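What follows is the residue order along each chain.
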Amino acid sequence: MEGTRWEERLHALIHILTSPTTSPSLHSQLFIATQLPSYLHWHHYPPLLAPTTIYLRWGFSLFLKRVSRFGLPMTSWRSKCPYQLPPPLILAKGVEEAQWGDDEMRAYARKRLFRKRLRSDVNPWIVLLVPNLLALSLLLWNPFPDN
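Residues numbered from 1 in each chain as written. Predicted model: local features only at pLDDT ≥ 70, side-chain atom pairs only at ≥ 80, totals over all residues. Heavy atoms only, no water.

Enquirer: So what about the overall build of the protein chain? Which residues, and what values?
Expert: When its secondary structure is counted, the protein chain shows five helices and zero strands. The order of helices and strands in the protein chain, counted from the N terminus, is α-α-α-α-α. Relative to its 147 residues, the protein chain shows a buried fraction of 16%. The long-range fraction of contacts in the protein chain, counting pairs at least 24 apart against all pairs at least 6 apart in sequence, stands at 20%. Surface accessibility of the protein chain: about 12600 Å² in total, with carbon and sulfur atoms responsible for 65%. (Helix = DSSP H or I, 4+ residues; strand = E, 2+ residues; numbered from the N terminus. Buried < 20%, exposed > 50% of the residue type's maximum accessible area, 1.4 Å probe, protein only. Contact = heavy atoms within 4.5 Å. Areas by Shrake-Rupley, 256 points an atom, 1.4 Å probe, with all protein chains shown as cover.)

Enquirer: Just give me the short version of the side chain of Ser-28, but keep the residues and values in it.
Expert: Along the chain, Ser-28 turns up in helix α2 (residues 26-35). On the basis of relative accessible area, Ser-28 is assigned to the buried category, the value being 6%. Looking at Ser-28, its side chain comes within polar contact range of the side chain of His-15, at 2.8 Å. (Polar contact = N/O pair within 3.5 Å; in protein donor to acceptor, adjacent residues only side chain to side chain.)

Enquirer: Could you give an account of α2, with specific residues and numbers?
Expert: Along α2, the positions that sit buried rather than exposed are Ser-28, Gln-29, Ile-32, Ala-33 and Gln-35. In an axial view of α2, the angular spread of the buried residues amounts to 165 degrees, which keeps them on one side of the axis. Among the exposed residues of α2, those oriented more than 90 degrees off its buried face are Leu-26, His-27 and Thr-34. Of the surrounding elements, those touching the buried residues of α2 are α1 (6-18). (Arc of directions from axis to C-beta.)

Enquirer: Please give an account of helix α5 (residues 124-140) that cites residues and values.
Expert: Along its 17 residues, α5 runs 25 Å from first to last C-alpha, staying within 8% of the 24 Å computed at 1.5 Å per residue. Burial of α5 is sparse: only zero of the 17 residues sit out of reach of the surface. (Expected span 1.5 Å × (residues − 1).)

Here it is as structure tokens:
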């Protein structure tokens, strides 16, 4: 990538930004490969113009990435924002598609304002009793006997 000119990098960046997708077409892959020949860390595009040892590493990293998601599509924080423009390609699980009417947007804002706070539903007595009982058990029972 150090050998590429800024114009080539700019063309590649414009191409990526104007055609956002999670599975690029072969035309897109070839265009990026001709513009930026060394892009090992760009995981969506195969290293067409790289040495053959990189193919195996790239394929293995792609396999591990897909296995870690259990085959589910990639979602990010942008996938949880239905009202962004342009809309995300894949919405996250549990997120409804954006409704652009005034009433729907008011209902969405109310739902976001009055949602349940992010906290755990653990009884506060458990938080107090468990560490104290563990400390008390260490006073009564010696885990490292001298024998």
